[in-house]
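Working through the structure, step by step
If you want the building blocks of each chain, they are given just below.
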Amino acid sequence: MKRIGLIILSLSIAFSLSAQKTKPKGMFSFTAESALLNGDNHVNAQILLIGGYEINGFSAGVGSGFDYYKYRTVPVVIDLKKYFGKGNRQFFAYANGGVDIAWPTEKQKNQRRNVWWNFNSNNQFKNGYYSDLGLGYTLFNSKRRGFYTALGYSIKTLTETYNEEIWTGTTSVISKRTLEYKLNRIVLKVGYRF
Amino acid sequence: MQYKINIQIVFFFLALALIAGCTKDTITESYTYFKPVYKTKAQVKAEAKSGPAISVSNPGKLFIKGTYAFLSELDKGVHIIDFSNPATPRNIAFVNIPGCVDLAVRGNYLYADCYTDLVTIDITDPQNVVVKQFIEGVFPHRLYSNGFYADTSKIITSWVRVDTVVKRRMDDLSFFINRRDILVFANAGTLSSQSNKSSVTNGIGGSMARFALMGERLYTVSWNDLKVFNTSNAALPTYIKTVLLTQGNIETIFPYKDKLFLGSQTGMFIYNASNPDNPVKLGQFNHARVCDPVIADDAHAFVTLRSNSTCAGFVNQLDVLDINTLTAPLLIKSYPMKNPAGLSKDDNLLLICDGTDGLKIFDATNVNNLVQIKQISGIETYDVIAINGLAITVAKDGLYFINYSNPANASVIGKVSILK
């Protein structure tokens, strides 16, 4: 987490310094992204909607969407991009970071519930953090609208707690189990900027 | 098109390489497991002795003899409580019996399970009890969950709770399966004693009991068997035989006259013990899978069906059965309940422990129309023995003494608290 924070901070400083060198000329944008998340024996998808502002090769925005990798979550992120070079075909680097809101499906919520007996495991999920770093390439038109693609690395975390019943031969003991998930994925995304 | 590779791109590639080395999902897991504390059988036997009274903390089965209540402290022993004055019951002694769950009292002798053994203890002087006999290996080894294997050459006398944190790969399913040496959750009453012709009298057990005295016999039930012991020499009972109960799931036993009523998770079974050494099955009544204590009188059996984590099920009710034909008990009527457990009958009064609803007292004169006379609320009840206007009730927070001489005005008159 510290490492990712440092990287995002470094990128922000670098982008800010870069922005100061040129004459400001900004534009608002709205972006829809879909991503393929490829991780640990699991592949799933994510969609994000981001509203932002681009100025002088640097854009910043806020977005949210759905992430279905292993557990359904809702990332709410700050999105930073730095575009390199000139023209509408550009490489860019991006960094997303924010909160990962746990929104498990009914199946995920009940996965610890023992079906044989009527024991309430009282599953609960807590939010975690979301981060995503990567490089991309734009296929914008002259108005800087259009498709782009990117490849990155993303981490999302969330915590699950539930009660479990242990039979000691004469009595049942209820104890709590806590699972802190750290899910790491390669992200291949395609976006369209309106 | 030519792009300038600047310092940001180089920096970014380095950063990406730094953190993208792995896509293994990890779990940092905090959980509890229990580590067994073993003792040798000789050590356990040596520990069966009397001691000063201790607080009740984890009560089990209840047995009444005279004005003494014998309450098992699960796995630890038996509390002896003098309720000669029910308003001020006194916890007078504790008999240390490792592994004790069930008990019965005949004359001045306490019978209790000590893990796989039946121990007989002379309780003439509660402060100085004397172990008379161990009958070894008459009860089955305990069942544990989740793949735990006990070392059966020794005895588990306690468990040490261990809270731990481990970090593992999310898909590592072998994590728990490799631990067989610890216990861990893997994702894996009414009057039971009968009039008998001997001078030694039997005590009274609750409806949740697995031990029952009938005349000079002690009957005990395990998961799938019924054992018979001869207690004509109360100090030195002898093992007679084991009757296999193929239906399994046996939970409780209730003796009435020369019949044994067995409660199981799937039904009630009636055994004829007119030949006390050789009980024979007469009939059965099947029901949905739930916990199921049972009591009976001449014409009726009363079965409480309770769902919980141990027995599963979704039914909570009282079933009243016609047992005039013992080979074919018939359901007369079901009464909805909250979460009923132990029950007891005194003449036409039926007392039912109904979980968090407390103790309910019914007029059972007409079994087709049980009328609730009184409800003692505010206590979470588990088992009850009703005797001569006094209901001795095991509840979550104490052993209650409830005077029901006037059932409509029944009230708590004394209590021995449970300290957690």
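Here the structure is a predicted model, which is why all the values come from computation and not from measurement.

To continue, consider the overall build of chain A. Along chain A, the regular secondary structure elements total 2 helices and 9 strands. In chain A, the share of contacts with a sequence separation of at least 24, taken over all contacts with a separation of at least 6, comes to 58%.

Moving on to the overall build of chain B. Counting secondary structure elements, chain B contains 3 helices and 33 strands. In chain B, buried positions account for 43% of the 420 residues.

Membership of the largest hydrophobic core comes to 102 residues, with the highest contact counts inside it found for Val 78, Leu 103, Leu 110, Phe 261, Leu 351 and Ile 392 of chain B. Those residues within four positions of Leu 103 of chain B in sequence are excluded, and the remaining contacts are Lys 61, Phe 63, Phe 70, Ser 72, Val 78, Leu 110, Tyr 111, Ala 112 and Phe 211 of chain B. Grouped together as the second largest cluster of nonpolar side chains are 23 residues, Ala 35, Phe 92, Ala 93 and Ile 155 of chain A included.

The subject of this paragraph is the sheet that holds strand β3 (residues 59-65) of chain B. Residue and element names in this part refer to chain B. Across the sheet, 6 strands lie side by side as β2-β6-β5-β4-β3-β13; this open sheet has antiparallel pairing. Both outer strands of the open sheet, β2 (49-51) and β13 (204-205), are each paired with one neighbouring strand and no more. The pairing of strand β4 (residues 68-73) with strand β5 (residues 77-82) spans 6 bridges and is antiparallel. Residue pairing across strands places Phe 70 opposite Ile 80, the latter belonging to β5.

The subject of this paragraph is the confidence of the model for chain B. Residues and elements named next belong to chain B. Counting all residues, the mean pLDDT for chain B is 84, and 85% of those residues have values of 70 or more. Ranking the elements of chain B by mean pLDDT puts helix α3 (residues 174-177) last, at 47, and strand β28 (residues 359-363) first, at 96. In this model residues 187-198 is a low-confidence stretch, pLDDT under 50, and it forms 41 contacts with partners more than four residues away in sequence or in other chains.

The next point concerns the sheet that holds strand β10 (residues 130-135) of chain B. Residues and elements named next belong to chain B. Pairing within the open sheet is antiparallel, and its 4 strands lie in the order β7-β8-β9-β10. At either margin of the open sheet sits one strand with a lone partner, and together these are β7 (103-106) and β10. Going across the sheet, the axis of each strand differs from the next one's by a mean of 20°, ignoring polarity. As paired elements, β7 and strand β8 (residues 109-114) share 4 bridges and run antiparallel to each other. Each residue of the ladder has a partner; that of Val 105, found in β8, is Leu 110.

On to the environment of Val 166 of chain B. Residue and element names in this part refer to chain B. Turning to its location among the elements, Val 166 is positioned in strand β11 (residues 155-169). Overall, the presence of 10 C-beta atoms within 10 Å leaves Val 166 in the exposed class. Along the sequence, Val 166 and Ile 27 sit 139 residues apart, while their C-alpha atoms lie 8.1 Å from each other.

Residue and element names in this part refer to chain A. Residue position: Asn 127 is located in the loop between β6 (124-126) and β7 (128-140). For Asn 127, a count of 16 C-beta atoms within 10 Å puts it in the partly exposed group. In sequence terms Asn 127 and Glu 160 are 33 residues apart; their C-alpha atoms lie 9.1 Å from each other. Excluding residues within four positions of it along the chain, Asn 127 makes contact with Val 99, Asp 100, Ile 101, Ala 102 and Leu 158.

All names here are of chain B. In terms of burial, strand β23 (residues 300-305) is a largely internal element, 5 of the 6 residues being buried. Across 3 bridges, strand β22 (residues 294-296) lies against β23 in antiparallel orientation. Following the sheet pairing, Ile 295 is matched in β23 by Phe 302. In textbook terms, the turn of a hairpin is the stretch between consecutive antiparallel strands, and for β22 and β23 this stretch comprises 3 residues. Relative to strand β24 (residues 317-322), β23 runs antiparallel, the two being bridged by 6 bridges. Across the sheet, residue Thr 304 finds its bridge partner in β24, namely Leu 318.

Residue and element names in this part refer to chain B. A positive phi angle, close to 75°, is found at Asp 75, a residue other than glycine. Within the secondary structure layout, Asp 75 lies in the loop between β4 and β5. What makes Asp 75 buried here is the crowd of 21 C-beta atoms within 10 Å. Unlike most non-glycine residues, Asn 388 shows phi in positive territory, near 50°. Mapped onto the elements of the fold, Asn 388 is located in the loop between β30 (381-387) and β31 (390-395).

Below, the discussion takes up the pairing of strand β4 (residues 73-84) of chain A. Residues and elements named next belong to chain A. In this structure, strand β3 (residues 58-67) lies alongside β4, joined through 8 bridges in antiparallel fashion. The residue bridging Phe 58 from the neighbouring strand is Lys 82, located in β4. Here β3 folds back onto β4, and the loop between the two strands holds 5 residues, one of which, Lys 70, carries a positive phi near 60°. Pairing of β4 with strand β5 (residues 91-102), which is carried by 12 bridges, proceeds in the antiparallel orientation. Bridge assignment links Thr 73 to a residue of β5, and that residue is Ala 102. Hairpin remark: β4 followed by β5, antiparallel, with 6 residues in the connecting loop; positive phi at Gly 85, about 80°.

Procedures and definitions
Residues numbered from 1 in each chain as written. Chains lettered and ligands numbered in written order. Predicted model: local features only at pLDDT ≥ 70, side-chain atom pairs only at ≥ 80, totals over all residues. Helix = DSSP H or I, 4+ residues; strand = E, 2+ residues; numbered from the N terminus. Contact = placed C-beta atoms within 7 Å. Buried ≥ 20, exposed ≤ 12 C-beta atoms within 10 Å, placed from the backbone. Core = buried A, V, L, I, M, F, W, Y, C linked by C-beta atoms within 7 Å. Pairing = 2+ DSSP bridges. pLDDT = per-residue confidence, 0-100. Axes fitted to C-alpha atoms, helices over the stretch in contact; angles between N-to-C directions.

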